[in-house]
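Coordinate analysis (summary)
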Amino acid sequence: MEDYLKKNFDVDAKRPSEEALKRWRSAVWLVKKPRRRRFRMVADLAKRAEAERKRRKIQEKIRVALYVQKAALHFIDGVNRTDRQDIPDEVKEAGFDICPEDLASMVRSHDLKRLESHGGAEGIARKLSVSLENGLSLSEISTRQQLYGRNQFVDKPPRPLWMFAWDAMQDLTLIILMVCAVISVGVGIATKGWPKGMYDGVGIILCIFLVVMVTAISDYKQSLQFRDLDKEKRNIFVHVTRNRNRQKVAICDLVVGDIVNLSMGDQVPADGLYISGYSLSIDESSLSGESELVIKENERPFLLSGTKVQDGSGIMLVTSVGMRTEWGRLMVTLSEGGEDETPLQVKLNGVATIIGKIGLAFAILTFLVLTSRFLAVKVTHGHITNWSMSDVLNLLNFFAIAVTILVVAVPEGLPLAVTLSLAFAMKKLMNDKALVRHLSACETMGSASCICTDKTGTLTTNHMVVTKIWTCGEEKRIENNKPGNALSSAISEKVTKTLMQAIFLNTGAEVVKGKDGKTEILGSPTETALLELGLLFQRDFRAQRNESKIITVEPFNSVKKKMSVLVMLPGGGLRAFLKGASEVILGLCDKIVGKDGDSVPMSEEQRRHITNVINGFACEALRTICLAFKDTDKTSEDSIPENNYTLIAVVGIKDPVRPGVKQAVKTCLAAGIVVRMVTGDNINTAKAIAKECGILTDDGIAIEGSDFRDKSTQEMKELIPKLQVMARSLPMDKHKLVTILRKECNEVVAVTGDGTNDAPALHEADIGLAMGMAGTEVAKESADVVIMDDNFTTIVTVAKWGRSVYINIQKFVQFQLTVNIVALMTNFFSACIAGSAPLTAVQLLWVNMIMDTLGALALATEPPHDGLMKQPPVARNERFITKIMWRNIVGQSIYQLIVLGVLEFEGKRLLNLNGPHSDATLKTLIFNAFVFCQVFNEINSRDMEKINILQGIFSSWIFIMVMLSTVTFQFVIVEFLGKFADTVPLSRELWMVSILVGSVSLVVGAVLKCIPVYMGKNTRIVKHHDGYEPLPSGPDMA
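Residues numbered from 1 in each chain as written. Predicted model: local features only at pLDDT ≥ 70, side-chain atom pairs only at ≥ 80, totals over all residues. Heavy atoms only, no water.

1. Looking at the nonpolar core
The line we're drawing: To qualify as a nonpolar core, a set must consist of buried Ala, Val, Leu, Ile, Met, Phe, Trp, Tyr and Cys residues joined through side-chain atoms within 4.5 Å. Exposure classes here rest on a 1.4 Å probe applied to the protein chains alone. A residue is buried below 20% of its type maximum, exposed above 50%, and partly exposed in between. Helix numbering and strand numbering both begin at the N terminus, where a helix is a DSSP run of H or I of at least 4 residues and a strand a DSSP run of E of at least 2. The split of the chain into domains comes from an automatic or database domain assignment. Here a residue-residue contact requires only that any non-hydrogen atoms of the pair lie within 4.5 Å.
Counting 149 residues, the largest nonpolar core has M445, I767, F792 and V813 as its most contacted members. The greatest single-element share of this core, amounting to 19 residues, is contributed by helix α32 (residues 792–833). When residues of this core are assigned to domains, at least three fall in each of domain 3 (343–423 + 799–1010) and domain 4 (434–460 + 658–790). The contact partners of V813, leaving out residues within four places of it in the chain, are L348, L414, F880, I881 and M885. Counting 44 residues, the second-largest nonpolar core is a separate cluster that includes V255, Y274, L280 and L303.

Rendered as structure tokens:
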């Protein structure tokens, strides 16, 4: 079975190939359209292909607008439109002088000529009645939303419940049963009269209706969950200027006329015009399909919604929002065709296909045996030529039983249990601050054997404070609650002024007034810490900024590890300011600031002393930043000096370790998950934090990124088992590490990232984890899971839920295969030996619902327990149906077949059943005992190895509700719906017998779990870096 599944039903968790998706569909051969009950959650490849054609058509239009020669473009525009569109009266009355359509078409077609005719970006701002410096006032927002639209995309209306019911009915076997039921009603009334003749047929119809409705309600609730998650994915915040202040607003609250601040990694939130910026590079590939970056400037001012800021920073004026943007039209096609199936869904479709084929063979055999025996009886009694309506009804009943055996045999619930379990896990993880963007990530995270994590904000709190500073040859401790501090008395006024300029002018953050009037800093935690230091000396951030004119800016990026700015000072001279990673900046300096504020040459002894200061700060787990400046006479306004700077100060920033991280790391190690820190920080800072978190051990290795990237692949493979910390790493070092771990070491790798340059590593990893608070939109787009609180503990929670999903589905498969085997064998052997099936079509349909929808609901939604993190991860390509599962399946099946066989052939004698209704009573007892065997086996399946299966049962209220509802409905069927279900009321004693027979399966389960399972010879014992031997690998020990 495993070889067949691997050959036909093996797909990758991330970006499965079209060939693999088509291969498993052809192996199933029924997925022409995903309408059959089992395939209703399968992606529609035809619909997806159509959506792709639509996307390419839109992209082609955008590409034409971007790259066709301006003359030709203007000629086309001139043919298709008039120069100006009429302005509606309501727009004029509101005080605006340009209509929404004019704005949208101008930006969409990149019509520079038309923009110039309006007076450029400033002219558009005037016509939109907005100040480019102060932004909008809050009172204008609602008016602009009414006239120019909301920044929301048109969502397809949610599918109503009846459509899910209709989909659930699109199943060939159910349709055949419905036809049989209708014929049965007609023939039954003709032979038995009204109302007796209709009971069998109506019973089947009612059961089908119940199956369809339970399935539809379950699917409907799942669709609402996925809809909520889709909304959460689009919940992006942007920085805008309103009421003279910079503030964060949700992307959906953006309006035409808003002034938006863009920085590296942001998604452009709407169509608009470039106002100002520094080296603003935009990736427009999501719209145009072209990978070449576009530099935005006054000659190329058009910004399109949905594109990404790859580098630099800028300010834009919003001109079109929502469905008036090309991105809005493109978004409509993004969800067409559904999400790719997960590997487990595909694998379980394969299992269902194999069992379905076996079931079809048994169904045909059962029908042939029952029909043959029926004909043999007629021949024996000489009635072969005499046919009545009751004979036709008997044959129809045989056919209905055969079809129902097929319904029960095909485990429709297997792939659906995966979807149900994943949807349940996604909802719970959302409450635990983790947004799952791709279903398969939940599944894959259970197999993660390695986590490569960032330090800042993930292991630490990301609330940074400057606690130490070295300047003018002296080291000082900073106390943030004291304005001015001891530092101001230790350094001259000139040094203080230079230091303040370096802090206030060379920053990407901004100081604003909050709604409550308090001062707030908008920016990264590092920038915030530095500005808080600056505000201790000078409270007026704006005054310092306004004194000097910023000429050009080179924003911080994780490759260069520095940020620089060139400014014109009040006196007229040019000065460059530089800050960044301490070793990098120190290497670019050849002078230091003296006590009087003048630059003095840096001696080798002073350089060694400063290096020792940096290492001393780092060993105290402080993040070290160097600040430097250089006066220049160059008149070029584009280039910032690359070297010969004057060092102003070394700053030590404290970023405490998050509470609970040390325990979370310990939990990972116990679960066989290796945690590696990959950071851009100083190696001594990284080692100090790693030791505090429990990541770096005595025999572990900490290495710098430059040393790692210089090694050969073989050297990397030898190094990696002991590698625990990589410091001063570049994004491509992280990408290389992830690639080696996955492809050479066969590890299942989870990696965290927050920056734009982390996107390749997030894309390459088995599970990409982006930071929700500190992460850029580019990083989030490349990730599979977004950690909303940036906390390492949340990553461990995701791993726990991933394992829970895997184990829950294994439990459900074990339970369902047991029911399949027993139902098939019982009806088949009974038909062969006794000439009749003990379970009727209605009864089998009820059993089908117990094991399909209700069984999946009970077992696939069990919450995780701490014991899951004391087991090893599931290895890549591990067998899904393990030897332990087969032991439990075979053992329980044998017990149930023996008990039901004894009841079928010796039940009357053993239970002393006599009288005219003894046959009906025995058949009802067999049905009741069979159902209770499944109820108790479902409880048994809660744990595949532990004998105590009741532990934590009350923490899963869904499981309890399913059990209670199953037993209650079984009582109603037996006692009150006998005419439809072919049952008779049972005495108290026979109810006790049924429950006793079922409960013995708990004892059987306990005995089975004492039987050891041979795990194979090739079990290697590898010591982890924590010194402990790992538990045996694979789900067999889970």
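Right, picking up where we left off after that structure.
2. Side note on the pairing of strand β4 (residues 271–283)
Going by this rule: A pair of strands is treated as paired once DSSP finds two or more bridges between them.
Across ten bridges, the pairing between β4 and strand β7 (residues 308–320) is antiparallel. The residue of β7 that forms the bridge with G272 is V318. One ladder, built from two bridges, connects β4 with strand β6 (residues 302–303); its direction is antiparallel. Note on β6: the bridge partner recorded for G272 is L303. By the bridge criterion, two bridges tie β4 to strand β5 (residues 294–295) in an arrangement that is antiparallel. Note on β5: the bridge partner recorded for I282 is V294.

3. Quick look at the confidence of the model for the chain
Our working definition: As a per-residue measure, pLDDT reflects the predictor's confidence and takes values from 0 up to 100.
For the chain, per-residue confidence averages 82 on the pLDDT scale, and residues scoring 70 or more make up 87% of the total. Note on residues 69–83: pLDDT is under 50 here. Beyond four places in sequence and across chains, it has twelve contacts.

4. Brief notes about the pattern of salt bridges
Pairs may arise between side chains of opposite charge once their charged atoms sit close together. Under the convention used in this document: Here, a salt bridge means any side-chain nitrogen of Lys or Arg that lies within 4 Å of a carboxyl oxygen of Asp or Glu.
Evaluation of the coordinates by the stated rule reveals 37 salt bridges. Among the ionic pairs, E140 bridges to R144, the shortest N-O distance being 2.7 Å. Of the charged contacts, one joins E906 and R909 as a salt bridge, the two residues approaching to 2.8 Å between their closest N and O atoms. One end of the pair, E906, and the other, R909, are both in helix α34 (residues 883–911), three residues apart, so they sit about a helical turn from each other.

5. Observations regarding the sheet that holds strand β9 (residues 450–453)
Rules: Note on geometry: axes are C-alpha line fits, over the in-contact stretch for helices, and angles between N-to-C directions span 0 to 180 degrees.
With mixed pairing, eight strands are arranged side by side in an open sheet as β8-β26-β25-β24-β9-β21-β23-β22. Only two strands of the sheet have a single partner each, and these edge strands are β8 (434–436) and β22 (701–704). Averaged over neighbouring strand pairs, the angle between their axes works out to 20 degrees when direction is ignored. Bridge count between β9 and strand β21 (residues 674–678): four bridges; the pairing is parallel. Looking at β21, one finds that I451 is bridged to V675. Lying over the sheet, helix α29 (residues 731–743) contacts β9, β21, β23 (723–727) and β24 (749–753), oriented at roughly 170 degrees with respect to β24.

6. Some thoughts on the packing of α34 against helix α38 (residues 988–1008)
Packed helix pairs are specified by the crossing angle of their axes together with the interaxial distance, meaning the distance between the axes. This is how the line gets drawn: Here the word oblique covers every angle except those under 35 degrees (roughly parallel), over 145 (roughly antiparallel) and from 65 to 115 (roughly perpendicular). Left-handed describes a crossing in which the near helix is turned anticlockwise from the far one by less than a right angle; the clockwise case is right-handed. Nonpolar residues are Ala, Val, Leu, Ile, Met, Phe, Trp, Tyr, Cys and Pro. Charged residues are Asp, Glu, Lys and Arg, and all others, Gly as well, are polar.
One way to put it is that α34 packs onto α38 with a least axis distance of 10 Å and a crossing angle of 150 degrees. One way to sum up the angle between α34 and α38 is to call them roughly antiparallel. In this structure, α34 meets α38 at a crossing whose hand is right-handed. Facing α34, whose interface residues are R887, N888, G891, Q892, Y895, V899 and L911, α38 presents L990, V993, V997, V1000, S1001, V1004, G1005 and L1008. Residue classes in the contact of α34 with α38 are distributed as nine nonpolar, five polar and one charged.

7. Digging into the packing of helix α35 (residues 918–940) against α38
Two elements in contact, α35 and α38, have axes whose closest approach is 8 Å; the angle formed by their N-to-C orientations is 35 degrees. Regarding α35 and α38, the two cross each other, and that crossing is right-handed. Each of T921, L925, N928, A929, F932, C933, F936, N937, I939 and N940 in α35 lies in contact with α38, whose residues at this interface are L990, W991, V993, S994, I995, V997, G998, S999, S1001, L1002 and G1005. When its residues are assigned to classes, the contact of α35 with α38 shows twelve nonpolar, nine polar and no charged.

8. Regarding the side chain of S918
Formally: N or O atoms closer than or at 3.5 Å make up a polar contact, with two conditions inside protein: a donor-capable atom paired with an acceptor-capable one, and, for residues adjacent in sequence, both atoms drawn from side chains.
Mapped onto the secondary structure, S918 falls in helix α35. In terms of polar contacts, S918 uses its side chain to reach the backbone carbonyl oxygen of G915, at 3.1 Å. S918 has contacts with K908 and L913, leaving out every residue within four places of it along the chain.

9. Quick look at α34
Going by this rule: A residue's bend is the angle separating two fitted axes: one through the seven residues that end there, the other through the seven that start there.
F905 marks the point of greatest bend in α34, at about 70 degrees. Immediately downstream of α34, the backbone of N912 shows phi near 55 degrees, a positive value.

10. A closer look at the packing of aromatic side chains
This is how it is decided: Geometry of aromatic contacts follows a simple scheme: Phe, Tyr and Trp rings, the Trp one being its six-membered ring, pair when their centres are within 6.5 Å, and the pair is stacked under 30 degrees between planes, edge-to-face over 60, tilted otherwise.
For the coordinates displayed, the defined rule picks out ten aromatic pairs. Measuring from ring centre to ring centre gives 5.6 Å for F96 and Y148, while their planes differ by 65 degrees; the resulting arrangement is edge-to-face. One end of the pair, F96, is in the loop between α5 (89–93) and α6 (100–108); the other, Y148, is in helix α9 (residues 141–148), and 52 residues separate them in sequence. Its relative accessible area of 6% is what places F96 among the buried residues. Accessibility expressed as a relative area gives 1% for Y148, which makes it buried. Ring centres of F504 and F541 lie 5.6 Å apart, and the angle between their planes is 80 degrees; on these two criteria the pair is classed as edge-to-face.

11. Some details on the environment of C452
Along the chain, C452 falls in strand β9. Those residues in contact with C452 that sit more than four places away from it in its chain are R676, V678, L737, L741, V749, A750, V751 and T752.

12. Brief notes about unusual backbone geometry
The phi torsion at D790 lies on the positive side, around 60 degrees, for a residue other than glycine. Within the secondary structure, D790 is located in the loop between β26 (785–787) and α32. D790 sits in the buried class, given a relative accessible area of 2%. Phi is positive for N912, close to 55 degrees, though the residue is something other than glycine.

13. Quick notes on the UniProt feature "transmembrane region" (unreviewed entry) in the chain
For clarity, the threshold we go by: UniProt positions are given in the numbering used here, feature names are shortened, and annotations may be inferred rather than shown by experiment.
The UniProt entry lists residues 172–191, 197–217, 354–376, 396–425, 949–973 and 993–1015 under the feature "transmembrane region" (unreviewed entry), expressed in the numbering used here. Regarding residues 949–973, the helix share stands at 68% and the strand share at 0%, and the terminal C-alpha atoms are separated by 28 Å.

14. A few points about the pairing of strand β16 (residues 574–581)
The side chains of a regular strand alternate, residue by residue, between the two faces of the sheet. Most of β16 sits out of view: eight of its eight residues are buried. For strand β15 (residues 562–568) and β16, the ladder comprises seven bridges, and the chain directions are antiparallel. Opposite L566, over in β16, you have A576 as the bridge partner. What sits between β15 and β16 in their antiparallel hairpin is a turn of five residues, with G572 showing a positive phi close to 110 degrees. Alignment of β16 against strand β19 (residues 622–632), held across eight bridges, turns out to be antiparallel. Within β19, the position partnered with F577 by the bridge is F629.

15. Observations concerning the environment of L868
Along the polypeptide, L868 turns up in the loop between α33 (841–859) and α34. Relative accessible area serves as the criterion here: at 4%, L868 is assigned to the buried category. For the pair formed by L868 and R803, sequence separation is 65 residues and the distance between their alpha carbons is 6.8 Å. In contact with L868, other than residues within four places in its own chain, are K800, R803, S804 and I807.

16. What about the environment of T467?
Turning to its location among the elements, T467 is positioned in strand β10 (residues 465–471). A relative accessible area of 17% places T467 in the buried class. Considering only alpha carbons, one finds T467 and D655, 188 residues apart in sequence, at a separation of 9.9 Å. If we skip the residues at most four places from it in the chain, T467 touches K476, R477, I478, L622, G652 and K654.

17. Focus on the side chain of K579
Take K579: it is sitting in strand β16. By relative accessible area, K579 is classed as buried at 8%. One polar contact links K579 to E527, side chain to side chain, over a distance of 2.4 Å. Look past the residues within four positions of K579 in its chain and what remains in contact with it is N506, T507, E527, L530, K562, M563, I585, I625, C626 and L627.

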